[in-house]
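# Per-entry structural report
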Amino acid sequence: MATSNRVLTYLGSTKNIVGSILALIGVGLVFAGVAGAFWPVVVAGLYGVGALLAPPDRTRVVLSHAEVETAELRADLDTLLAGLPGRFPDDVLRQAYELGGLLKEVLDRAEVLTTAPDQLHVVSQTIRDYLPTSLNAYANLPVSRRPAAHAELLGQLELLRAGLGRVADAVYQGDEQALKAQSRFLQDRFGGSELDL
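Note that the structure is a prediction, hence the values are computed from the model and not measured. (Residues numbered from 1 in each chain as written. Predicted model: local features only at pLDDT ≥ 70, side-chain atom pairs only at ≥ 80, totals over all residues. Heavy atoms only, no water.)

Glancing now at the overall build of the protein. Counting its regular elements, the protein contains eight helices and zero strands. Along the protein, from the amino end to the carboxyl end, the secondary structure elements read α-α-α-α-α-α-α-α. Looking at the 197 residues of the protein, the share that counts as buried comes to 27%. For the protein, long-range pairs separated by at least 24 residues make up 71% of all intrachain contacts whose partners lie at least 6 apart in sequence. Counting only carbon and sulfur atoms, one obtains 61% of the accessible surface of the protein, whose full area is about 13,300 Å². (Helix = DSSP H or I, 4+ residues; strand = E, 2+ residues; numbered from the N terminus. Buried < 20%, exposed > 50% of the residue type's maximum accessible area, 1.4 Å probe, protein only. Contact = heavy atoms within 4.5 Å. Areas by Shrake-Rupley, 256 points an atom, 1.4 Å probe, with all protein chains shown as cover.)

A contiguous nonpolar patch, built from Ile17, Ile21, Ile25, Leu29 and Val34 and spanning about 430 Å² of accessible area, is present on the exposed surface. The residue Ile21 is located in helix α2 (residues 14-31) in this model. (Patch = residues over 30% accessible without salt bridge, like charges linked within 9 Å, V, L, I, M, F, W, Y side chains within 5 Å. Salt bridge = Lys/Arg side-chain N within 4 Å of Asp/Glu carboxyl O.)

Here the focus is the pattern of salt bridges. All chains considered together, the criterion is met by four salt bridges. The shortest N-O distance in the salt bridge between Asp108 and Arg74 comes to 2.9 Å. Within this pair, whereas Asp108 is found in the loop between α5 (90-107) and α6 (110-114), its partner Arg74 is found in helix α4 (residues 65-82), the two being separated by 34 residues in sequence. For Arg161, the salt bridge goes to Glu98, with nearest N and O atoms at 3.6 Å. One end of the pair, Arg161, is in helix α8 (residues 146-190); the other, Glu98, is in helix α5, with 63 residues separating them in the sequence.

Okay, the side chain of Gln119 next. Mapped onto the elements, Gln119 comes out in helix α7 (residues 117-139). Of the residues examined, Gln119 reaches a relative accessible area of 18% and is grouped as buried. Beyond its immediate stretch of four places on either side in the chain, Gln119 contacts Leu113, Val167, Ala170 and Val171.

The next point concerns the packing of aromatic side chains. Summed over the entire model, instances satisfying the criterion amount to one aromatic pair. With a centroid separation of 5.9 Å and 25° between ring planes, the pair formed by Phe88 and Tyr138 is classed as stacked. Of this pair, Phe88 sits in the loop between α4 and α5 while Tyr138 sits in helix α7, and the two are 50 residues apart along the sequence. The exposure class of Phe88 is buried, given its relative accessible area of 8%. Classification of Tyr138 by relative accessible area gives buried; the value is 6%. (Phe/Tyr/Trp six-rings, centres within 6.5 Å; stacked < 30°, edge-to-face > 60°.)

Another point: the confidence of the model for the protein. Taken as a whole, the protein shows an average pLDDT of 83; of its residues, 88% reach a score of 70 or greater. Looking across the protein, the model is least confident in α6, with a mean pLDDT of 73, and most confident in α5, with 93. (pLDDT = per-residue confidence, 0-100.)

Looking at where Leu24 falls in the secondary structure, it is placed in helix α2. A residue is classified by how much of its surface remains accessible, and Leu24, at 61% relative accessible area, is exposed.

Moving on, we get to the nonpolar core. Ranked by internal contacts, the top residues of the largest apolar core, which has 31 residues, are Phe88, Leu113 and Val123. Elements with a minimum of two residues in this core: α4, α5, α7 and α8. Ranked by residue count, the leading element in this core is α8, at nine residues. Dropping the residues within four chain positions of it, Val123 is found in contact with Leu103, Val106, Leu107, Leu113, Leu164 and Val167. (Core = buried A, V, L, I, M, F, W, Y, C linked by side-chain atoms within 4.5 Å.)

Structure, rendered in structure tokens:
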């Protein structure tokens, strides 16, 4: 925080306000003839007492809407993934966990994700509807019918992965463009040219 910002913050603080009120009372005592020749010490002392005894301003922690919304999605995803072991074949588990990892990476970019309602909707629906529906439909089948449905489930997981891959591409597109711009800048700045000797 810059020095000017700290000064402005202090000027509006509870400590400064209480100190100033007590200092004004000290000035009143001067006009009442109580403070005498030591009036500057009385006024400064009263200000200091007020500033020391006043409670500090409360620090407010503000969570963005994006963080709150994605935190709920992350909790739902963790619950979903925690319930998978023992219910599905290893290849299904592997794809589901990879899909979960991709979802977590996208959720880490909460601010970008929540500015794109279509992408947020796809992520939300994948966690709360599409993925659980596919997995539960398979898990509800009798064991004797699961081999025939196995390829169907893997195909659905692959479709979800492809759709989320497009969402991830869109989320990270700004970062990739910033990286390319930085590369161009560094090349121009430090790369030299054919004219350099």
